[in-house]
Amino acid sequence: MEPGNICYDTHMDFSKEKQEELVRRAMELAAQTAAAGNRPFAALLVDADGAVILEDVNTVTTGTNVAAHAEINLLFQAAQKLHIRDLSSYALVSNAASCPMCATALIKAGVTNFYYGAPNEATMVPSITMEEVIAKTPHPVNVHGNVLANECSGQIKQLSGLRQAL
């Protein structure tokens, strides 16, 4: 596919088992980055078969980039390792719904398939949910949210508390 010709009709529906497997991997990575001192968030870039192509974590606290959310780090990694800007043939999987910055960046990169665990945090600033960002998108975006939501929310709450205690 030529750069700039983004295909938005790719539709991926993973089984419940596959969704949970992928979200659990994001949870493992979230625990690792929390142990390093970051907020517990992670993201995976997966192909249409559900194979993990890339994975990354939030590094805002341990790095010098306040925008180094897991999804943003993943986008940089895709550009560097895959040498592509069009991610329309991939899906994003994370342990939590993307913030407005990340959701916007992913949609601009062509991602139209999202799988996530915990819903957006009530304390998110600005308080704009992923669904509100998607509602402003002129093409179809497939969202499969609340995969293992209680487990993901509990982990984020627990690990965020542990991080603050460090």
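Quick note: structure is the one above.
Here the structure is a predicted model, which means the values were calculated and not measured.

So, unusual backbone geometry
Then comes step 1: The linkage connecting V125 with the following residue, P126, adopts the cis geometry, with an omega of -5°.
Then comes step 2: Summarising the element assignment, P126 is placed in the loop between β4 (113-118) and α4 (130-135).
Then comes step 3: One non-glycine residue with positive phi stands out, namely H83, at about 60°.
Then comes step 4: Here H83 shows up in the loop between α2 (70-82) and β3 (91-96).
Then comes step 5: A positive phi is found at N146, a non-glycine position, where the angle reads about 65°.

What about the nonpolar core?
Then comes step 1: Grouped together as the largest cluster of nonpolar side chains are 26 residues, with contacts concentrated most on L45, L87, L92, F114 and M130.
Then comes step 2: No other element matches the 5 residues that α2 contributes to this core.
Then comes step 3: What L45 contacts, discounting residues up to four positions off in sequence, is A51, V52, I53, L54, L74, A78, L82, L87, Y90 and A91.
Then comes step 4: Core analysis: the next-biggest nonpolar cluster, separate from the first, contains 21 residues, M27, V57, V93 and L148 among them.

Definitions and limits used
- Residues numbered from 1 in each chain as written.
- Predicted model: local features only at pLDDT ≥ 70, side-chain atom pairs only at ≥ 80, totals over all residues.
- Heavy atoms only, no water.
- Helix = DSSP H or I, 4+ residues; strand = E, 2+ residues; numbered from the N terminus.
- Core = buried A, V, L, I, M, F, W, Y, C linked by side-chain atoms within 4.5 Å.
- Buried < 20%, exposed > 50% of the residue type's maximum accessible area, 1.4 Å probe, protein only.
- Contact = heavy atoms within 4.5 Å.

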